[in-house]
Every structure is written in structure tokens, then in C-alpha cells.
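Residue-level structure breakdown
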Amino acid sequence: MEITNVTEYEKIAKEKLPKMAYDYYASGAEDQWTLQENRNAFSRILFRPRILIDVSKIDMSTTILGFKISMPIMIAPTAFQKMAHPEGEYATARAASAANTIMTLSSWATSSVEEVASTGPGIRFFQLYVYKDRKVVEQLVRRAERAGFKAIALTVDTPILGRREADIKNRFTLPPHLTLKNFEGLNLGQMEKTSDSGLASYVSGQIDRTLSWKDVQWLQTITKMPILVKGVVTAEDTRIAIQAGAAGIIVSNHGARQLDYAPATISCLEEVVKAAQGRVPVFLDGGVRRGTDVFKALALGAAGIFIGRPVVFSLAAEGEAGVRKVLQMLRDEFELTMALSGCRSLKEITRNHIVTEYDQPRILAPKL
């Protein structure tokens, strides 16, 4: 079957993967309303394309935290990638590097920071969960820095794991041949089988619920890497994050896996961008499946977007080639959207190129 868009990979992944693995990647919290809304909210934003502009040359390149990349489409952290494909994070790292974009490695990767670094050059960020034992955190951050990672994406929306009912039904646990590679030597690499979700039990045992803004400042004392705060959805928290020294913000609802009935990330984006006032870059993840989605996010002020599920589904379907194809398809669609909207570079994408459901109807007075 000829794959023509990113969404088609999910169906293939569902056929190929064991039910427990597919459900883990695909499901959201509780009623999964936010999971649907992450996609649906994009569909309510419409274009105001401009015409008769010379779009023979289009430049999609951008600079993120000082690193030049080929496009504003990056890879979000997703856990347990070897559950999707034996090459796991290695394949994703190579695909990101080939596309000249950024990969974010999950704390809960099935390959360690050192192993991912060994795949060759590339710009990589490290996603961090803060464990109760701060020595573990310190050690991990230092290892990521030594392995050449360039930034920390601190996940702040998971003091407790959201209620993912598919994982409870499946009694989710990691397959026996896989471990949380970054924690292997610390006796924290294994996940016990439990009567509900093994991951939920692991999180309640290890992850620090006392995490607060003080810890964002503490992190800055143990690393030179810039810290992106991942999981911000309000203006209030945006302002506090910037005061606390965040180098950037990722508007995220954890792929709709934490608090159900939280709004879609694309619906929160403009509020966060306005509160940031250009002081730090604002990024978005959640629900991006088309180049048109990328354009809409940039028009609302995002400096770039991160994709999660498309990576694990394409990885399950076709390994590294699948991830490369997803990045290429999104790139091609984004380029097409730019051309058909009359934009030749990212800075030409403006708020006037879109209309959202919250905008006042544009009533233009007739010329007298």
C-alpha cells in the first residue's frame, strides 16, 4: 500500500503491534475527549491564503536555541521505542539526524543517552522526569550533557500518571527483554507486573510529586543546558516559568494522556505566546498530523512543533525508513501550505494567514 499521509501509519502499527503495545502508544486519559480534541481543534482553524506572490523559492529553515535546523518540525520524547521496533531510539535518532532536525529522547527510553549519542552526530534534547532521589536526576542530567545533548525538556505535568484505562485493562508492563536503559545501573530500570498499570505503579513509586518552581531553578545549578518547561498551557504558568529561568516553553498536554478535558494544545497556544511576549520561544506538541497543522501553529506564534505518535507508529510500521518518511511527508506538506498561503519564509507566516473560531468576523466597510 502506498502511504500518502502520516495518519495511515497508525492503522499499520495497530495490525503489527501486540495489543498492549499499540494501546499504550495510542490511548489517552479517561474518556479520551482531549485526545480527540487535540486533532479536532486544528480542523476549526481555517486559512486566509494570499495570492500572486512569487513562491518559487521557499525557505523552511529555522534556528532553535542557537541550533540551525532544516524545518520547524522536531521529534517529541516518546517512551519505550524498542517496543515498537527492535531498533527503537537508534532508528529515530538516525532519521532525525538525516532530516537535520532535533530529536528529544525520553527519560524512559529503551536506549540510553550514551547509546543514542553513539548513532552519530545530531542535535538532541533530553526529556527529564524528576525522581524522588535527586542524586539520580543529577547523575542523569550530567550523563546527557556529557553525551552531547543540548537542552533539557523538563516534563512538569506528571506528578502522578493520568488514568489511562487501556493500560489498566491490559495490565501494562514493559516486555521482559526491555528495560528503562537510562536507569539500569541504578536498580530503577525494571517495571513490576501489577494488578493494574505497571507504569502507573512505577511512577507513584519513583516520581517526585513535590516538584515545584524551585526545582526549575535547582536544575539550572547542575547543568549549563537550557531548560525547556514542557506541559505549560496557561498564561499564568508561562509568566512564572520565564521568571524561574526557563529558556523556552513547550505547550503540551502530554499527548492527552494526563488530564482529560484539558483543552487542545493548539487552543492554548496563543494565550501562552501572548504571555511570553517574545522573551522565550514557545513550542507545541499534541495532535500534529499534517503540514497544515504545522503552519497553523506557527501562525499562532509557535517557534516550532514536536511530533510524538507519528514517530512510534511509523517506527512500528517501517522502522527508520518510516520515521524518515513521516518527517519528509510533513516537510513536503508544510512547504506546500506555505506556497499556497503566499509565504516564502517562516517569518512571513503571520496571524493574518489564519482565522480561528475565537476571531471576530472580519467585516470590511464598503469603499464609498
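Here is a short report on the structure shown in this document. These numbers come from a predicted model, not from an experiment.

This part covers the packing of aromatic side chains. Under the criterion given, the structure shown has eleven aromatic pairs. Summarising the aromatic geometry, the rings of tyrosine 24 and phenylalanine 172 are spaced 4.6 Å apart at their centres and angled 15 degrees between planes, so their arrangement reads as stacked. Here tyrosine 24, found in helix α2 (residues 19-26), pairs with phenylalanine 172, found in the loop between α7 (165-170) and α8 (198-206); they are 148 residues apart in sequence, far enough to count as distant. You can call tyrosine 24 buried: its relative accessible area is 5%. According to the relative accessible area criterion, phenylalanine 172 is buried, its value standing at 0%. In this structure an aromatic cluster arises from ring pairing among Tyr24, Tyr25, Phe80 and Phe172. The side chain of arginine 134 reaches across the aromatic face of tryptophan 218, ending 5.4 Å from its centre. Lying across the ring of phenylalanine 47, lysine 296 places its NZ or CZ 5.3 Å from the centre.

This part takes up the pattern of salt bridges. If you walk through the whole model with that rule in mind, you get 20 salt bridges. We note a salt bridge from arginine 39 to aspartate 293, for which the minimum N-O separation is 2.9 Å. Here aspartate 293 lies in helix α12 (residues 291-299) and arginine 39 lies in helix α3 (residues 33-43), a separation of 254 residues in the sequence. The buried category is assigned to aspartate 293, whose relative accessible area is 2%. Salt bridges linked by common partners bring Glu87, Arg94, Glu320 and Arg324 together as one network.

Looking at the element boundaries, leucine 105 is found in strand β5 (residues 103-105). In sequence terms leucine 105 and lysine 14 are 91 residues apart; their C-alpha atoms lie 23 Å from each other. Non-local contacts of leucine 105, meaning those with residues more than four positions away in its chain, are made with Pro77, Glu89, Ser111, Ser112, Val113, Val116, Phe125, Phe126, Gln127, Phe149 and Asn182.

The subject of this paragraph is the packing of helix α1 (residues 8-16) against helix α13 (residues 309-341). Interhelical geometry of α1 versus α13 gives an angle of 170 degrees and a closest axis separation of 10 Å. Considered as vectors, α1 and α13 are oriented roughly antiparallel to each other. Residues Tyr9, Glu10, Ile12, Ala13 and Lys16 of α1 touch α13, and the partners they reach there are Phe313, Ser314, Ala316, Ala317, Glu318, Gly322, Lys325, Val326 and Met329. In terms of residue class, the contact of α1 with α13 is made up of eight nonpolar, two polar and four charged.

Formed by 104 residues in total, the largest nonpolar core has its most connected members in Phe80, Trp108, Leu128, Ile266 and Phe334. The next biggest cluster of nonpolar side chains, apart from the first, holds 13 residues, and it includes Ile69, Ala76, Ala153 and Leu228.

Turning our eyes to something else, we now look at the packing of helix α10 (residues 235-243) against helix α11 (residues 265-276). Working note: a packed helix pair is described by the angle between its axes plus the distance between those axes. For the pair α10 and α11, the least separation of the axes is 8 Å and the interaxial angle reads 40 degrees. Considering their axes alone, α10 and α11 lie oblique with respect to each other. Handedness of the α10/α11 crossing: right-handed. Together, Ala235, Glu236, Thr238, Arg239 and Ile242 of α10 and Glu271, Val272, Ala275 and Ala276 of α11 make up the contact between the two elements. Of the residues that constitute the contact of α10 with α11, the class distribution is five nonpolar, one polar and three charged.

Moving on to the environment of valine 273. Structurally, valine 273 can be placed in helix α11. Sequence spacing of valine 273 and leucine 228 is 45 residues, and the spatial spacing of their C-alpha atoms is 14 Å. Look past the residues within four positions of valine 273 in its chain and what remains in contact with it is Val282, Leu300, Gly301 and Ala302.

This part takes up α11. An ideal rise of 1.5 Å per residue puts 16 Å on twelve residues; α11 measures up with 16 Å between its terminal C-alpha atoms. When we look at burial in α11, the residues that qualify are Thr265, Ile266, Cys268, Leu269, Val272, Ala275 and Ala276. Angularly, the buried residues of α11 cover 155 degrees about the axis, an arc narrow enough to put them on a single face. Each element contacted by the buried residues of α11 is listed here: α3, β8 (227-232), α10, β9 (248-251), β10 (282-285) and α12. A positive phi of about 50 degrees marks glutamine 277, the residue just after α11.

Below, the discussion takes up the pairing of strand β6 (residues 124-128). Counting buried positions over the five residues of β6 gives five, a clear majority of the element. Burial along β6 is two-sided: the face carrying Arg124, Phe126 and Leu128 and the face carrying Phe125 and Gln127 are both buried. Two elements, β5 and β6, share three bridges in a ladder whose sense is parallel. Within β6, the position partnered with leucine 105 by the bridge is phenylalanine 126. Alignment of β6 against strand β7 (residues 151-155), held across four bridges, turns out to be parallel. Across the sheet, leucine 128 pairs through a bridge with leucine 154, a residue of β7. One crossover worth recording links β6 to the parallel β7 by way of helix α6 (residues 134-146), and it is right-handed.

Conventions and cut-offs
- Residues numbered from 1 in each chain as written.
- Predicted model: local features only at pLDDT ≥ 70, side-chain atom pairs only at ≥ 80, totals over all residues.
- Heavy atoms only, no water.
- Phe/Tyr/Trp six-rings, centres within 6.5 Å; stacked < 30°, edge-to-face > 60°.
- Helix = DSSP H or I, 4+ residues; strand = E, 2+ residues; numbered from the N terminus.
- Buried < 20%, exposed > 50% of the residue type's maximum accessible area, 1.4 Å probe, protein only.
- Lys NZ or Arg CZ within 6 Å of the ring centre and 35° of its normal.
- Salt bridge = Lys/Arg side-chain N within 4 Å of Asp/Glu carboxyl O.
- Contact = heavy atoms within 4.5 Å.
- Axes fitted to C-alpha atoms, helices over the stretch in contact; angles between N-to-C directions.
- Parallel < 35°, antiparallel > 145°, perpendicular 65-115°, else oblique.
- Nonpolar A, V, L, I, M, F, W, Y, C, P; charged D, E, K, R; others polar.
- Core = buried A, V, L, I, M, F, W, Y, C linked by side-chain atoms within 4.5 Å.
- Left-handed = near helix turned anticlockwise from the far one by under 90°.
- Expected span 1.5 Å × (residues − 1).
- Arc of directions from axis to C-beta.
- Pairing = 2+ DSSP bridges.
- Right-handed = clockwise from strand over helix to strand, strands pointing away.

Purely geometric numbers; function is a separate question.
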